[in-house]
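# Descriptive analysis of the structure
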Amino acid sequence: MRPLESELRAGVSALGQDLDADQIAALLDYLALIQKWNKAYNLTAVRDPAEMLTHHLLDSLAMIWPLQRHAGGRAIRCLDVGSGAGLPGVVVAICCPEVAVTCVDTVAKKAAFLQQVAASLKLPNLRGLHARVESLADSYDVITSRAFASLASFVSLSEGALAPEGVWLAMKGKHPDDEMAALPQSVSMFHVEQLTVPGLAAERCIVWMKRAAA
């Protein structure tokens, strides 16, 4: 068994997810790519592989089921804003082959890394894009972010890329009451979903938002 494979499998099981051997292998290969490229590309401040597994992979895996529940089996388009090393975008692409994932980042090196991940892991549903989110012309069914910006900044910058019936999915730590209070009236926060991440003591949640009814 590969290093960290048993820990990953235990975490996936604790999250109630059903991933096949190829998906487990792809997640471990992705972790190895982050480690390999991290020194030159400064992808993450977390350097320890075991800590990367918990703080990055399992943390991102915790939002897979909520995303799948929302999609309901539909083939949807997902935009991951300020994706950095591809968290959670790459994890979504690995676990949800029916979801077309675009990871956008303003740092060219990080976008290049994401393109490398897509090629190395043979993920046709993943692309890395070097751009500012507010400049995008395409529209997406779900727009995600993880440790990107305040909720108000997140929705303001990405609103032009949200499909008419689309939703925002923001991963946060503690219940962000102050940030939710600062949301513009044009945005409706319709659910805060608490997450439990195996091996992570910190609070985590998803803030679900959509455009407010006219």
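A short tour of the structure in this document, coming up. Just so it is clear, the model here is predicted, and its values are computed rather than measured. (Residues numbered from 1 in each chain as written. Predicted model: local features only at pLDDT ≥ 70, side-chain atom pairs only at ≥ 80, totals over all residues. Heavy atoms only, no water.)

### Notes on the packing of aromatic side chains
Overall, the coordinates contain four aromatic pairs when judged by the stated rule. Ring centres of W37 and Y41 lie 4.9 Å apart, and the angle between their planes is 80°; on these two criteria the pair is classed as edge-to-face. With W37 and Y41 both in helix α2 (residues 21–41) and four residues apart, this pair spans about one turn of that helix. When its relative accessible area of 23% is taken as the criterion, Y41 is described as partly exposed. Through successive ring pairs, a cluster of aromatic residues spans W37, Y41 and F113. (Phe/Tyr/Trp six-rings, centres within 6.5 Å; stacked < 30°, edge-to-face > 60°. Helix = DSSP H or I, 4+ residues; strand = E, 2+ residues; numbered from the N terminus. Buried < 20%, exposed > 50% of the residue type's maximum accessible area, 1.4 Å probe, protein only.)

### Some details on the pattern of salt bridges
For the coordinates displayed, the defined rule picks out 10 salt bridges. Ionic pairing is found between D29 and R2, a salt bridge with its closest N-O pair at 2.8 Å. Remark: R2 occurs in the segment before α1 (5–14) and D29 occurs in helix α2; sequence separation between them is 27 residues. Note on R2: relative accessible area 35%, which makes it partly exposed. Where R127 meets D138, a salt bridge forms, and the shortest distance between an N and an O atom there is 3.5 Å. Within this pair, whereas R127 is found in strand β3 (residues 126–130), its partner D138 is found in the loop between β3 and β4 (140–146), the two being separated by 11 residues in sequence. A network of salt bridges, in which partner residues are shared, links D59, R146 and R204. (Salt bridge = Lys/Arg side-chain N within 4 Å of Asp/Glu carboxyl O.)

### Some details on the sheet that holds strand β6 (residues 187–195)
Spatial strand order, β3-β2-β1-β4-β5-β7-β6: seven strands in an open sheet with mixed pairing. Each having just a single partner strand, β3 and β6 make up the two edges of the open sheet. Here the strands of the sheet are splayed against their neighbours by 20° on average, with no regard to which way each runs. Two strands pair when backbone bridges link them, and β4 and strand β5 (residues 162–172) are joined in this way by six bridges, in the parallel orientation. (Pairing = 2+ DSSP bridges. Axes fitted to C-alpha atoms, helices over the stretch in contact; angles between N-to-C directions.)

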